[in-house]
Amino acid sequence: MLPVLALTLGLLGAGPAMAQQATPRVLPSMEERTAAFGAIDEATKAGQTAQAADLLVALTQDPAHQAFHAEAYARLGAMLEKQGYPYAALSAYAQALSTDAQLVASVAKDALRLADQVGDTALLEPVFAKNVGLDVDAATRGRVAYLAARRAHAEGSHGTAVAFLKMVPSDSPSYADAKALEGVVLAHTSRFDDAVKSLEQALAAGATKQDAARWTTLMHLDMARAYYGAGEYVRAIEYFAKVPRSSPWWAQAQFERAWAHFRLDDLNGTLGLLSTHSSPFFSGEYFPEAALLEIYSLFLLCKFPAAGEQIDAFTVRFSPMLKDLQAVGGYSPAEAFERGRDAVLDGKEDRLPVMVARPFLGEARFAAAAATLDTLEAERKKLDGASGAWGEQARQWLDGRKRTLVEVEGGRVLGRAKAMEDELSAMLGNAEMNKLDIMQMESRMYERASFTGVMETAKKTVDRQVRVKQGYRLWPYEGEYWADEIGWFRVDTKPECPESLRSGS
């Protein structure tokens, strides 16, 4: 039985949902309200709250009383929360706001509180995206705007997302997240300078977060990418270097930093950074683009034999990965999510290839989704003993939300695997073409030699004795890899291109 709960919503005084909605609302008469809620109020006063809840469910399905549907959902949400079903209550509040947010704006704050409790603020994103101007207090308004912006960004409406984010005040609990999202959105639209400014504000605003160290790393990584997009490669290198070795994003930052060195024509710097990804420690990781960048750098240095060997090694290393990715593509979204949860949260590497699971390690979203599903499943089990229309309605809401969460998160795993499969398939298909380019470049040198009678060689440089700085120790590479050396290798090589190739002839 549901306990008795007196509910006062103050619905008639709710303000407009959007500034442009100036049309006055036609309020139902007292006779209409009595016809809709009379029996419900009597059951509540008599302590028959389960019956009242069943009547509220019936009211939400009665087309003759459509004007009261939103209020009925809101009252049902309050009853479910009082009984100890926070996820079902959140679903009811979401239904109320979706039905008529202007009328039940007062429940937005309660909906946000419950969403935080169960870990599913995403449920409210589409609701708030359509009702961002709700007449609520300042703190609630900031969170509504932030969640609305997340939805707009997910749908590709970047301009709308930025506009919503401007509505989040600096004293809002969502301010740091809002500025971070603003930086990402601006970078998506190639407004890199503005993106950097937003990310700097996000970095400062998130200094007091509980996960401040993780937050700082993410902001540094996003700032590095924004600087790279703006063509400020030196600043990009500076911020990529701030990502600590202990971070799950360190290897990715090293790879992206290698591209910045490449853009600066620092091929030695590029090769030094990429030695991390070609080391045995990363043999099972998905970095085919890093391998190709290393090959191309050797190619530009006219180190054709080494480049050719690397192409052969590329095919040997990544062909088995393509088969593993194709196998993952055969999973259903539900199986992909379960395997992802086992691999990411429980460390069961046999459940999902590490190259697919890697992007989700340390990702707050995937971990939160898994925790949310645990909460949902526990409440769903508790609802098995609930009888009546209200219990059936609550079960339907939770079952539907579980399907959505599993499809979305499992779909992300499958989407990642599919993108990797398509990318790697194209790269492996082009490997022989790349090797042919190298052979053609070598043949050009031989052809030139056949005409001139002289085989060109690289310009000689003076070999100087290596000088070790004070406080440093020279430790030449001897074919061994040590984990603590990864990331510290430096390459000092010289181009082997003859003058004619250097001048582009």
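Here is what the cut-offs are and how they apply
Residues numbered from 1 in each chain as written. Predicted model: local features only at pLDDT ≥ 70, side-chain atom pairs only at ≥ 80, totals over all residues. Heavy atoms only, no water. Axes fitted to C-alpha atoms, helices over the stretch in contact; angles between N-to-C directions. Helix = DSSP H or I, 4+ residues; strand = E, 2+ residues; numbered from the N terminus. Parallel < 35°, antiparallel > 145°, perpendicular 65-115°, else oblique. Left-handed = near helix turned anticlockwise from the far one by under 90°. Contact = heavy atoms within 4.5 Å. Nonpolar A, V, L, I, M, F, W, Y, C, P; charged D, E, K, R; others polar. Patch = residues over 30% accessible without salt bridge, like charges linked within 9 Å, V, L, I, M, F, W, Y side chains within 5 Å. Areas by Shrake-Rupley, 256 points an atom, 1.4 Å probe, with all protein chains shown as cover. Salt bridge = Lys/Arg side-chain N within 4 Å of Asp/Glu carboxyl O. Buried < 20%, exposed > 50% of the residue type's maximum accessible area, 1.4 Å probe, protein only. Phe/Tyr/Trp six-rings, centres within 6.5 Å; stacked < 30°, edge-to-face > 60°.

> Please provide a residue-by-residue account of the packing of helix α13 (residues 250–263) against helix α14 (residues 267–274), values included.
Relative to each other, α13 and α14 sit at 170°, their axes nearing to 7 Å. Classified by the angle between their axes, α13 and α14 sit roughly antiparallel to one another. Of the two elements, α13 crosses α14, and the hand of that crossing is left-handed. In this structure, α13 contributes Gln-254, Phe-255, Arg-257, Ala-258, His-261 and Phe-262 to the contact, and α14 contributes Leu-267, Gly-269, Thr-270, Leu-273 and Leu-274. Across the contact of α13 with α14, the residue classes break down as six nonpolar, four polar and one charged.

> With reference to specific residues and values, describe a nonpolar patch on the surface.
A cluster of nonpolar residues, Val-468, Tyr-472 and Leu-474, forms a patch on the protein surface that exposes about 340 Å² of accessible area. Its location among the elements puts Val-468 in the loop between α20 (388–452) and α21 (499–502).

> Provide a residue-level description of the packing of helix α1 (residues 30–45) against helix α2 (residues 49–60), including the pertinent values.
Interhelical geometry of α1 versus α2 gives an angle of 165° and a closest axis separation of 7 Å. If you check the angle between α1 and α2, you find them roughly antiparallel. Relative to α2, α1 is oriented so that their crossing is left-handed. On α2, the residues that touch Ala-36, Phe-37, Ala-39, Ile-40, Ala-43 and Thr-44 of α1 are Thr-49, Gln-51, Ala-52, Leu-55, Leu-56 and Leu-59. The residue inventory of the contact of α1 with α2, partitioned by class, reads nine nonpolar, three polar and no charged.

> Go over the environment of Pro-288, please, and point to the residues and values.
Locating Pro-288 in the fold gives a position in helix α15 (residues 288–300). In this structure, the C-alpha to C-alpha distance between Pro-288 and Glu-423, residues 135 residues apart in sequence, is 8.9 Å. What Pro-288 contacts, discounting residues up to four positions off in sequence, is Phe-314, Phe-318, Glu-423, Leu-424 and Met-427.

> Outline the pattern of salt bridges, supporting the account with residue identities and numerical values.
The full count for this structure, using the stated rule, is 29 salt bridges. The salt bridge involving Glu-182 is made with Lys-166; its shortest N-O contact spans 3.0 Å. Here Lys-166 lies in the loop between α8 (158–165) and α9 (175–188) and Glu-182 lies in helix α9, a separation of 16 residues in the sequence. By relative accessible area, Lys-166 is classed as exposed at 56%. When the shortest N-O distance is used, the salt bridge between Arg-395 and Glu-392 registers 3.2 Å. Of this pair, Arg-395 and Glu-392 both sit in helix α20, separated by three residues, roughly a single helical turn. Ionic contacts of the salt-bridge type, sharing partners, join the residues Glu-363, Arg-365, Glu-409 and Arg-412 into one network.

> Describe the side chain of His-220, and please don't skip the residues or the numbers.
Examined against the element boundaries, His-220 turns out to sit in helix α11 (residues 212–229). Contact partners of His-220, with chain neighbours within four places excluded, come to Leu-203, Tyr-239 and Lys-242.

> Describe in detail the packing of aromatic side chains, supporting the description with residues and values.
Evaluation of the coordinates by the stated rule reveals 14 aromatic pairs. Taking the centre distance of 6.0 Å and the plane angle of 15° together, the rings of Tyr-296 and Phe-299 count as stacked. With Tyr-296 and Phe-299 both in helix α15, this residue pair falls three residues apart, about one helical turn. Note on Tyr-296: relative accessible area 41%, which makes it partly exposed. Seen in terms of ring centroids, Phe-337 and Phe-366 are 5.5 Å apart; in terms of plane orientation they differ by 45°. Their pairing is tilted. Of this pair, Phe-337 sits in helix α17 (residues 333–346) while Phe-366 sits in helix α19 (residues 364–382), and the two are 29 residues apart along the sequence.

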